[in-house]
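Structure at a glance
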Amino acid sequence: MSVFSHREFDRHELVAFHHDPATGLKAIIAVHNTRLGKGLGGCRMYPYASDAEALTDVLRLSRGMTYKAALAGLPQGGGKSVIIGDPRRDKTPEMMRAMGRFVDSVGGRYVVAEDSGTSVPDIRLMAEHTAHVGGLAPPGDTSRTGDPSPATATGTFIGIQAAVRHQLGREDLRGLKVAIQGVGNVGRRLARHLHEAGAQLWVTDSYAPAVEHCVTAFGATPVAMDAIYGLDVEVFAPCALGAILNDDTIPQLKARVVAGAANNQLAEPRHGLRLLDRGILYAPDYVINAGGIIDIHYEGPEYQWSVVEAHLRRIGATLTTIFERARAEQRSTHEIADRMAEEIFRPTARG
């Protein structure tokens, strides 16, 4: 398997593979860029169809973390890790401890946190074997878990408000029709924010109990997985896995705004141009979903939610700047966001 010639390889500083036969762990760590600080990023566990699919995901995710940290104004770089396996069937405590040893083996260049398929208890197990962890509350602090999902959901909600204001000219979300794809830890919390703001919700997820919770708690309408794209709604909020904005799905969209918490929503950069051509406003994923790493940045004994929330508000301001520049230059929002981020972490990239 070639890494350097891989289409998603983008001057990554480190790509490490690891197999632990005793626990069945098969994992990859990728560190994209550490000019601003250590490569922070979550550990995703997913039943990838192939090693190549896992490599593609970790390369894209780690790159996105670099851009995310830069536009969030954080002194850190981008990294990510993936574990090949089904988190509901294959995960064991010993596997998580083995992952901690793998993280430790790269000497602090990568800081691990929770992500899709992993949780705070998993990170605690990793922390038994490495100090390079994030997303944990300090020992003895029973007021919070360290889970960054609430901050990610709050930041995404703030981003949706900014996108709706720019695209639809609306200052409130009452009656707004929103389709949410994926109602896990982040999507479920986003649904609550939107419900409390008066929005109407349509939801889908591969995990039926998650959908049922949203139907009961928020009055959401359940939708089949493949029907979520074509709904007559104002906002489509992808909050599951990536590459869901592609040649098949974009023609189906009736929403005028795409704004959600999923990473790597564009299957290819050209799909950002397709959205622009169709008059659909896209909130670049790594900008709108930065709440989690913002929360982790402030963790520690002096943690205050009010400080975190004030930083989360900046997500809306950053998105508004991106939207306005994109409109003025008649360019896609992801192009503008990339350029802004690269001016921060790669200041000589554009001369």
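Structure first, text after, so check above.
One structure accompanies this document, and this report is about it.

Conventions and cut-offs
Residues numbered from 1 in each chain as written. Predicted model: local features only at pLDDT ≥ 70, side-chain atom pairs only at ≥ 80, totals over all residues. Heavy atoms only, no water. Core = buried A, V, L, I, M, F, W, Y, C linked by side-chain atoms within 4.5 Å. Buried < 20%, exposed > 50% of the residue type's maximum accessible area, 1.4 Å probe, protein only. Pairing = 2+ DSSP bridges. Helix = DSSP H or I, 4+ residues; strand = E, 2+ residues; numbered from the N terminus. Axes fitted to C-alpha atoms, helices over the stretch in contact; angles between N-to-C directions. Left-handed = near helix turned anticlockwise from the far one by under 90°. Contact = heavy atoms within 4.5 Å. Nonpolar A, V, L, I, M, F, W, Y, C, P; charged D, E, K, R; others polar. Salt bridge = Lys/Arg side-chain N within 4 Å of Asp/Glu carboxyl O. Phe/Tyr/Trp six-rings, centres within 6.5 Å; stacked < 30°, edge-to-face > 60°. Lys NZ or Arg CZ within 6 Å of the ring centre and 35° of its normal.

**Topic: the nonpolar core**
Core analysis: the biggest nonpolar cluster contains 62 residues, and Leu-71, Val-178, Ile-180, Leu-194, Leu-201 and Ile-294 have the highest contact counts within it. Leu-14, Ala-98, Val-133 and Leu-136 belong to the second largest nonpolar core, which has 24 residues in total.

**Considering the sheet that holds strand S9 (residues 235–238)**
Spatial ordering of the open sheet is given by S8-S7-S6-S9-S10-S11, a layout of six strands whose pairing is parallel. With one partner strand each, in any of the chains shown, strand S8 (221–222) and strand S11 (281–282) form the two edges of the open sheet. Here strand S6 (residues 177–181) pairs with strand S7 (residues 200–204) via five bridges, running parallel. Its bridge partner lying in S7, Ile-180 is registered against Val-203.

**Overview of the packing of helix H10 (residues 305–329) against helix H11 (residues 333–345)**
In contact at an axis separation of 9 Å, H10 and H11 are set at 115° when each is read in the N-to-C sense. Along this stretch, H10 crosses H11, giving a crossing that reads as right-handed. Contact residues: H10 offers Thr-321, Ile-322, Phe-323, Arg-325, Ala-326 and Glu-329, while H11 offers Thr-333, Ile-336, Ala-337, Arg-339 and Met-340. Its residues placed into classes, the contact of H10 with H11 shows six nonpolar, two polar and three charged.

**Regarding the sheet that holds strand S4 (residues 77–84)**
With respect to topology, five strands assemble into an open sheet ordered S1-S2-S4-S3-S5, the strand pairing being mixed. Pairing within the sheet leaves two strands with one partner each, and these edge strands are strand S1 (14–20) and strand S5 (110–114). Shown here is a sheet whose adjacent strand axes are inclined to one another by a mean of 25°, direction ignored. Strands S1, strand S2 (25–33), strand S3 (39–46) and S4 of the sheet are contacted by helix H1 (residues 51–71), whose axis makes an angle of about 155° with S4. On top of the sheet, helix H2 (residues 93–105) reaches S1, S2, S3, S4 and S5; it is set at about 35° to S2, its chief contact.

**Some points on unusual backbone geometry**
One non-glycine residue with positive phi stands out, namely Arg-11, at about 55°. Exposure remark for Arg-11: the relative accessible area of 56% places this residue in the exposed category. Of note in this structure, Gln-330 is not a glycine but carries a positive phi near 55°. Along the polypeptide, Gln-330 turns up in the loop between H10 and H11. Residue classification places Gln-330 among the exposed positions, given a relative accessible area of 62%.

**Some words on the pattern of salt bridges**
Close approach of charged atoms allows side chains of opposite charge to pair. Under the definition given, this model contains 21 salt bridges. With a closest N to O distance of 3.9 Å, Arg-346 and Asp-10 form a salt bridge. With Arg-346 in the segment after H11 and Asp-10 in the segment before S1, this residue pair connects regions lying 336 residues apart in the sequence. Of the charged contacts, one joins Arg-192 and Glu-196 as a salt bridge, the two residues approaching to 3.8 Å between their closest N and O atoms. Of this pair, Arg-192 and Glu-196 both sit in helix H5 (residues 185–196), four residues apart, which is roughly one turn of that helix. Ionic contacts of the salt-bridge type, sharing partners, join the residues Arg-44, Asp-57, Lys-80 and Asp-115 into one network.

**Thoughts on the packing of aromatic side chains**
The way to describe two aromatic rings as a pair is by their centre distance and the angle between their planes. Tallied over the entire structure, the rule returns five aromatic pairs. On the basis of an interplanar angle of 70° and a centroid distance of 4.9 Å, the ring pair of Tyr-67 and Phe-345 is categorised as edge-to-face. Of this pair, Tyr-67 sits in helix H1 while Phe-345 sits in helix H11, placing them 278 residues apart in sequence. Side by side, Tyr-67 and Phe-345 carry an identical accessibility label, which is buried. Ring pairs connect the aromatic residues Tyr-67, Tyr-286 and Phe-345, which therefore count as one cluster. Directly above the ring of Tyr-207 sits Arg-88, whose terminal nitrogen or CZ lies 4.2 Å from the centroid.

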